[in-house]
Amino acid sequence: MEKLKIGFAPTRRSIFSAPDAVKYADLTRRKLEELGISFVDITDINEEGLFYDEADRQAIQDKFRKEGVKGIFFPHCNFGTEYVCARLAREMGLPVLLWGPRDERPDENGIRLRDSQCGLFATGKVLRRFRVPFTYMNNCRLDDPEFARGIKDFLAVCHVVDTFRHTRILQIAPRPFDFWSTMCNEGELLERFNIQLSPVPMPELTQAIQEAKTHPQQVKEVTDYCSGCMHIAVKPEELENVAALKIAMKNLADKYSCNAVAIQCWNALQGEIGIMPCAANSLLNEEGIPVVCETDIHGAITALLVEAAAMDGTRSFFADWTVRHPDNENGELLQHCGPWPISVAAEKPTLGYPLAFDHPGAVEAQAKLGEMTLARFDGDNGGYSLLLGNAKGVEGPYTKGTYVWVEVANLKRLEAKLVEGPYIHHCVGIHKNVVPVLYEACKYIQVTPDLYDPIEEDVKAYLRGETVL
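Residues numbered from 1 in each chain as written. Predicted model: local features only at pLDDT ≥ 70, side-chain atom pairs only at ≥ 80, totals over all residues. Heavy atoms only, no water.

Undergrad: Tell me what's going on with the overall build of the chain, and back it up with residues and numbers.
TA: Check the secondary structure of the chain and you find 15 helices and 19 strands. Dimensions of the chain, computed from C-alpha atoms along their principal axes, come out at roughly 85 × 50 × 45 Å. Per-residue burial for the chain yields a buried fraction of 59% across its 469 residues. Of all intrachain contacts in the chain linking residues separated by at least 6 positions in sequence, the fraction that spans at least 24 positions is 77%. A total of about 19,800 Å² of accessible surface is found on the chain, and carbon and sulfur atoms cover 49% of it. (Helix = DSSP H or I, 4+ residues; strand = E, 2+ residues; numbered from the N terminus. Buried < 20%, exposed > 50% of the residue type's maximum accessible area, 1.4 Å probe, protein only. Contact = heavy atoms within 4.5 Å. Areas by Shrake-Rupley, 256 points an atom, 1.4 Å probe, with all protein chains shown as cover.)

The structure is reproduced here in structure tokens:
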């Protein structure tokens, strides 16, 4: 969060108290500093450090762009000047946070100094006229808990939007023939969202693996790490192949400037190097580079979104919806061969053999229980949406691979959504409630939020600062 900066542009209008606007701008600055928020200020633009004059807009835009801000915060320190805010927001094309401090009681002569709330109504309308999406944080006091929560949630929204707009996925080989469900429209992803794919053929991966093996010290560092945090149930040369594959994928991701990977994973790879890629995927996932299976590009996008919503502080896991819980009517098994990051596990994982495959190289462990968000970015026929909702991990029978049994509010309703689409049997889970952040981010990335439980009003109430989810 320290690295992500927002532009701070407190605004006023001339007919209301300028000194009071300056006072509240300074109070807001101090509050942001107290909360540890990194922001780019405009105190060098004019002596008041306030945005109300069109003549200052270009200088503010230039400064915000130079400093690389990821969102803009418009505190309405009195009524505010709505049209300059809208012009700046339209030019910048970034997430916008609209807020004003709660107004004081009128004085003994009936004079009101700021009318901040009234100005928020005006700016909201003008932003709509300019077709600028924005986030509204309710008209509260600086010390109200919803202020701190709202600012931090807005930072997470900015991070999701910035990640989405700068996504480049390393695609290792085409999808497996049998997985028609994971096909994607590469051109449409680029044209609509600027999501770029960097396809590499399987021989380029195997060449990168051979190159990695010429650096034995790097390979040893990875094998030592595995031996320290996992039970090793494969041969030493197989573990070295896991390490070399991990290094190779990381090097290719760096070479093509990618922030996620989608790998074919079977069956060509096993014939080339004799292992499954699951454990190597797990190691990269643990480092914050999402790697997903079966060349599922939409799955990789999903993983980037949920980790960004958690401010990259919590690792996600890529899973199959597989079978219903034998005893819990709203329970379901989330499982995959073994690519989940180690920090997700509730026990010390084993690096061994996966279910249904003869080659080694998969991680086996049950994931931690507790609160989760489950999500899936997907689309077909020109439409894209983000399925999202909450779940909790529950006890269930042992099974192979990386797995966790989860309970949702209404599995039949969720099951129908998955079958009727545009979703498939893959999802991404994370041990954190990031539903409100993802829901709010959807307005900026032009993706439809699709809540699998009827909790939209609850999410909106949370975003308004009314409730805690």
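So much for the structure itself; the text now carries on.
Undergrad: Now, about the layout of surface pockets: what can you tell me, with residues and values included?
TA: In this model, the largest pocket occupies a volume close to 370 Å³. Thr-135, Tyr-136, Glu-440, Leu-463 and Arg-464 are, among the 21 residues lining the largest pocket, the residues nearest its centre. If you list the elements that add at least two residues to the lining of the largest pocket, you get strand S4 (96-99), strand S5 (135-136), helix H5 (145-165), helix H14 (435-445) and helix H15 (456-463). When residues of the lining of the largest pocket are assigned to their parent elements, the largest contribution, six residues, is made by H5. Of the residues assigned to the lining of the largest pocket, the class counts are 10 nonpolar, four polar and seven charged. Empty space within the second largest pocket amounts to approximately 310 Å³. What lines the second largest pocket is a set of 17 residues, among which Gly-93, Arg-165, Tyr-444, Ile-445 and Gln-446 lie closest to the centre. (1 Å grid on protein atoms, 1.4 Å probe; cavity = no way out; pocket = protein on both sides within 12 Å on 5 of 7 lines; lining within 4 Å. Points joined across faces, edges and corners; volume = space filled by probe spheres on them. Nonpolar A, V, L, I, M, F, W, Y, C, P; charged D, E, K, R; others polar.)

Undergrad: I'd love a proper account of the pairing of strand S18 (residues 426-430), names of residues and values included.
TA: Burial analysis of S18 places five of its five residues in the buried class, the great majority of the element. Side chains His-426, Val-428 and Ile-430 project from S18 onto one buried face, and the interleaved Cys-427 and Gly-429 project onto a second face that is buried too. For strand S11 (residues 316-324) and S18, the ladder comprises five bridges, and the chain directions are antiparallel. Each residue of the ladder has a partner; that of Phe-318, found in S18, is Val-428. Summarising the sheet, strand S15 (residues 370-380) and S18 pair through three bridges and their orientation is antiparallel. The residue bridging Thr-373 from the neighbouring strand is Ile-430, located in S18. (Pairing = 2+ DSSP bridges.)

Undergrad: Explain empty space enclosed by the protein residue by residue, including any values.
TA: Summed over all chains, the structure comprises two cavities of 30 Å³ or more. The space that makes up the largest cavity amounts to roughly 60 Å³. Contributing to the lining of the largest cavity are Asn-285, Pro-290, Val-291, Val-292, Ala-303, Glu-307, Ser-316, Phe-317, Phe-318, Pro-339, Trp-340 and Pro-341. Within the residue set of the lining of the largest cavity, elements represented by two or more residues are strand S10 (291-292), helix H12 (297-309) and S11. Considered as a void within the structure, the second largest cavity measures approximately 50 Å³ in volume. With three residues, strand S14 (residues 362-366) is the single largest residue contributor to the lining of the second largest cavity.

Undergrad: Would you mind going over the sheet that holds strand S6 (residues 168-172) in detail, with residue names and values included?
TA: Consider a sheet: its strands pair through backbone hydrogen bonds, and that pairing is either parallel or antiparallel. In space, the four strands of this open sheet follow the order S7-S6-S9-S10, with parallel pairing throughout. Every other strand in the sheet has two partners, leaving strand S7 (196-200) and S10 as the edge strands with one partner each. Both S6 and strand S9 (residues 260-263) contribute to a ladder of four bridges, which runs parallel. The residue of S9 that forms the bridge with Leu-170 is Val-261.

Undergrad: Break down the pairing of S9 for me, citing the residues and quoting the values.
TA: Burial along S9 is two-sided: Ala-260 and Ala-262 facing one way and Val-261 and Ile-263 facing the other are all buried. In this sheet, S10 lies alongside S9 in parallel orientation, the contact comprising two bridges. Residue pairing for S10: Ala-262 is matched across the bridge by Val-292.

Undergrad: Describe the sheet that holds S4, and please don't skip the residues or the numbers.
TA: Pairing within the open sheet is parallel, and its five strands lie in the order S2-S1-S3-S4-S5. At either margin of the open sheet sits one strand with a lone partner, and together these are strand S2 (38-40) and S5. Pairing geometry for strand S1 (residues 5-8) and strand S3 (residues 72-75), over two bridges, is parallel. In the strand pairing of S3, Phe-8 is matched with Phe-73. Running over the sheet, helix H3 (residues 82-92) touches S3 and S4 and is turned about 175° from S3. The strands touched by H5 are S1, S3, S4 and S5; relative to S4, the strand with the most contacts, the crossing angle is about 165°. (Axes fitted to C-alpha atoms, helices over the stretch in contact; angles between N-to-C directions.)

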